[in-house]
Structures are given as structure tokens and as C-alpha cells.
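A structural walkthrough
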Amino acid sequence: MTGREKLTETLAHRDCGRIAFDLGATKATGISASLLYRLRKLYGRDEPVKVYDTFQMLGLVDEKDAEMFGIDVLGIWSDMTVFGYRNDEWKPWTLPDGTPGLIGRNCCITESSRKLYMHPQGDPDAAPSGCLPLDGGHYFDYITRQEDFDEDDLNGLEDYREQLEVMTIDDATLDFYRRQADHYYNNSGCGIVLNAEYANFGATSMISGGYVKRTPGIRDFSEFLVAHSLNPEYIEEIFGAWADLCIRNLELLSQAVGAKAQAVFLSGTDFGAQHSEIMSKNMFRELYVPFYSRVNGWVHEHTSWKTVFHSCGCLVNIMDDLIESGLDCLNPIQISADHMDPQALKDRYGEKLTFWGGAVDGQTTMASGTPDDVERQLRQNIDILRKDGGFVCSVVHNLQSNYAEDNVTRIFNVLKDYR
């Protein structure tokens, strides 16, 4: 079976006797650019890696990597990045750890006091919106640039207007998506995931606005959460406009990509922490479920895609609401968080959800375990989650730059038994 056939069967909850493996198809199942470069060299491909997501420093996985590592799913992306520059052309760039790479031609990074600063929209005169510490840092953290605001005169539409304009798909971005879909569909047997993270209500990428030069309104993450209680109308106003943007973009993408994609990755908002959710069930139901329902409903009515959402942490108290909103696939299944036991989740939600992840824990096993530890947990969780379909095999979240190559290659080798 091809990867595309396996993904199609998996998403339909049919056990085809094979496992669909994802590495790099989304920004929550990705791989550090540095680690990707090391693995490529190990397998005989000595080429610089395209750093398509500088926020998480992720490398772009292509059809050559899929063939080499045994990957079944590839992602297609917007050329617009979370820092407001385009990945339509590339230039050489050496990563902080010395790894040779490529980065978007218009990306603007400056250095000061042992830190790298990212400037939005490639403008060196704009205040930086991201920062990567050179002493031990792995990612560009967003910089909160909250301006003074009047709590009695908040206007969500005005505060987020520029962001909505920047995130509206133009002809160049639409063509960028179309060309990727055509290339992977015609030149690989892989399944395709459309990355259209336009339903990321409440995500740090939305709140911090790293891709615009000015960020009026409430932008501090903690204050934004407080506003859920004190100014819910403000939150609803922003989310409503964001849902309109999402559906407008999806309408264009459905025309450009169509059934070449089997799934659409819509949101990376985190609602869980290690021991519980970050908000009450009632608050989630009131402020998020209506907008998720709108977006998921549109996708199901107008396309053949399955919807994929990402949220780290413990989600036990909002799982039913996520499913009620029309969610098809959940990632990353953080098995190290409380109440996220794979067997319990499969027993309760296996007929309703596709579990996209959960194969090996990233916090412990991948980070500090041995290859034997990795294999043991991988086989155990595959056997649990694959039953009756509905499981895309992926590690819990992205493969990090400090993971041992032996731990990753053990995954590749073990999956030969299931592919």
C-alpha cells in the first residue's frame, strides 16, 4: 500500500493492517532542522536543510526524506511565516549550532548580547518580535509587545485588523499551496496534509502577532486569559473575525488543493498543562466550541478533508467538547500528562477520534531513554492505538535537536515491521 492509501484507510477508521507514519507533515509532528541534517548525513544525503519554521527551528521534510526514512505523510504549507516574511525563495544560513541551512530570503535576524532577534516582515527597523538565546536556546520565543490600552474602550476588530489582513491568503500564497499539492501528489505516494492553521483561536502566535509590526490591544498571554472572564465580548469579537478569515481562506484552498489533501491541520492552540486544562470546561465550551464548530462544520460540508487539531497536555475534561465541535483527529496525545493514558483514551474515544501521535513520549523516553526504551514504548502504544484503525503514528510533538540519532533511527527500523 502507498502512504496515501494507508492514510485514507486510517482516517476512515479501517484497519488496513499497516501503520501510517508521519514525521514532518505538521508543525506539531516536525523535526528540528539540526537533527534532520544529521539524519540525512547518516543516510547518505548531505544537503542543507530548509528552516521553514524559524519559531520552532523546524526543517522541511520532502519526498526524498519520505523515501529514505519510511515516511507516509507529507505536508503542504503557506509561504507566509509566523514572523511575516515569505518562504518563497531561500538563502544560506548557518544555524546557531553550526548546522548549514537555508532560510527565507526576506528573513531578517540581528544579534545583540548573545541573543538572536527576529524582525517582523523582514524589516530591520521594526522592533523585534522573536528572540533566541544563543546560550542554550533552541527556539525563537515570541516577544510580547503589548501597548497601553483602555479596558473600557477595547475594540477587537481594530486591534487585530492588521493581523487579519496579513493572514488573508493572496494569489501568490494560493499558487504556492497549489504547486506543492501538485508536486507531492504526482511525485510521491504519500498522503498529504494541508497546513492551514487559521483556526488557532487563543494561540500565542495569534496573540503575540509576531508577523506584524504593531500589536495594539491585549497581547500578554496571561492578560488575554484573564480577559476570557473580564471581557468575554472582546474575545468573542476577535474569534468571530478570525473564524471568518479561516473559512474565507479554506474556501480558496479547497479550490486550489481539493481532494489531493486527505486532512487539514487547523489549530495549534494549547489547552492543556501537565496536570489539568488551562481553563474550565464551561469557559472552553462557551468561548471556543462555537467557533470550532463553525470551522469544522464548513470543512465537513464542503470538502473531503478530515480536521486535525493540536493541543498539548491534559485534555480529559474537554475531549467530549472537542469531538462535539466536529474534530476528527487529535494531536499529539501527550501520554506523559495526567489522564492521557493511551489505553483509556482508545477505549473511550477510539471510535470517534483519530489519534495523531502518542507513539513515544518526547519529554522522557525520546529525550533521555535508550533505543531499547524507545522500541519498547513504541511497540506497546502502536498495539494499543492501531486497533480498528484511527491511528497515525508519530512521536509526541516534534523531534528535538538534542535527541540522540540512535533513538530516532530505532523508530525508523521498528516501523518497518508495521509498514
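Scroll up for the structure.
Everything in this summary refers to the structure shown in the same document.

Rules used in this analysis
- Every chain is numbered independently, its residues counted from 1 as its sequence is written.
- With pLDDT at 70 or above as the cut-off, local features in this predicted model cover only qualifying residues; side-chain atom pairs require 80 or more to be listed or tallied, and sums for whole chains, interfaces and linings still use all residues.
- Side-chain metrics in this entry use all non-hydrogen atoms of the structure; hydrogen atoms and water are not considered.
- Each helix is a run of H or I in the DSSP string that is no shorter than four residues. Each strand is a run of E no shorter than two, and both are numbered from the N terminus.
- As used in this structure description, the phrase polar contact means that two N or O atoms lie within 3.5 Å; if the pair is within protein, one of them must be able to donate a hydrogen and the other to accept it, and residues adjacent in sequence are counted only when both atoms belong to side chains.
- Contacts are assigned to residue pairs that have any heavy atoms within 4.5 Å of one another.
- Note on classification: 1.4 Å probe, protein chains only; a residue is buried when its accessible area is under 20% of the maximum for its type, exposed when over 50%, partly exposed between these limits.
- By definition, two strands form a pair when at least two bridges between them are found by DSSP.
- Working convention: axes come from line fits to C-alpha atoms, limited for helices to the stretch in contact. Angles between N-to-C directions cover 0 to 180 degrees.
- When describing relative orientation, an angle under 35 degrees is termed roughly parallel and one over 145 degrees roughly antiparallel, while 65 to 115 degrees is termed roughly perpendicular and anything else oblique.
- With strands facing away from the observer, any crossover in which the path from the first strand over the helix to the second runs clockwise is taken as right-handed.
- Nonpolar cores were defined as sets of buried Ala, Val, Leu, Ile, Met, Phe, Trp, Tyr and Cys residues, with membership established by side-chain atoms within 4.5 Å.
- Whether two aromatic rings pair depends on their centres lying within 6.5 Å, for rings of Phe, Tyr and Trp, where Trp uses its six-membered ring; planes under 30 degrees apart make the pair stacked, over 60 edge-to-face, and the rest tilted.

Notes on the side chain of R145
Its location among the elements puts R145 in the loop between β10 (141-142) and α4 (156-159). Among the polar contacts made by the side chain of R145, one reaches the main-chain carbonyl oxygen of S208 at a distance of 3.5 Å. When sequence neighbours within four positions are dropped, the list of residues in contact with R145 reads P120, A127, P128, S129, S208, G209, G210, V212, K213, R214 and T215.

Thoughts on the pairing of strand β2 (residues 49-53)
Judged by how many residues are buried, β2 sits mostly within the fold: four of five residues are covered. Inspection of the sheet shows β2 paired to strand β3 (residues 58-59) by two bridges, in the antiparallel sense. Bridge pairing in β3 links D53 to L58. Between β2 and β3, which pair antiparallel in sequence order, lie four residues; one of them, M57, sits at a positive phi of approximately 60 degrees.

A look at the packing of helix α13 (residues 342-349) against helix α15 (residues 371-385)
At a minimum axis distance of 9 Å, the contact between α13 and α15 shows a crossing angle of 10 degrees. Our classification of the angle between α13 and α15 gives roughly parallel. Together, P342, Q343 and K346 of α13 and N381, I384 and L385 of α15 make up the contact between the two elements.

Observations regarding the pairing of strand β13 (residues 306-310)
The element β13 is largely enclosed, with a buried count of four among its five residues. With four bridges connecting them, strand β12 (residues 263-267) and β13 associate as parallel partners. Bridging from a neighbouring strand, F265 pairs with V308 of β13. Bridge count for β13 against strand β14 (residues 329-331) is three bridges, and the pairing is parallel. Residue pairing in the sheet places V308 in a bridge with C329 of β14. For the handedness criterion, the β-α-β arrangement of β13, helix α12 (residues 319-324) and β14 is classed as right-handed.

A short note on the nonpolar core
Ranked by internal contacts, the top residues of the largest apolar core, which has 119 residues, are L194, F201, L250 and L253. By residue number, the principal contributor to this core is helix α9 (residues 232-256), which donates 13 residues. Setting aside residues no more than four positions away along its own chain, L253 makes contact with I169, L174, Y177, L194, A196, Y198, G258 and W305. Counting residues in hydrophobic clusters, the runner-up holds twelve residues, among them L7, V308, C329 and V392.

A word on the packing of aromatic side chains
Taken as a whole and assessed by the stated rule, the structure comprises 22 aromatic pairs. Seen from their ring centres, F69 and F412 are 4.9 Å apart, and the 20 degrees between their planes marks the pair as stacked. One end of the pair, F69, is in helix α3 (residues 63-69); the other, F412, is in helix α16 (residues 405-415), and 343 residues separate them in sequence. We classify F69 as buried; its relative accessible area is 5%.

Some points on helix α2 (residues 33-42)
Most of α2 is tucked away, with seven of its ten residues classed as buried. Restricting attention to buried positions, one finds in α2 the residues A33, S34, L35, L36, Y37, L39 and R40. Those residues of α2 that are buried lie in contact with β2, β3, α3, β6 (100-104) and α16. Here α2 starts with a cap whose side-chain oxygen sits 3.2 Å from the backbone nitrogen of S34, and that cap is S32. Two residues or fewer after α2 comes G44, characterised by a positive phi angle close to 95 degrees.

What about the sheet that holds strand β5 (residues 90-94)?
Read across the sheet, four strands follow the order β3-β2-β6-β5 without closing on themselves; strand pairing throughout is mixed. At either end of the open sheet lies a strand with only one pairing partner, and these are β3 and β5. Across two bridges, the pairing between β2 and β6 is parallel. Opposite V49, over in β6, you have G101 as the bridge partner. Packed on one face of the sheet, α2 meets β2, β3 and β6 and runs near 155 degrees to β2.

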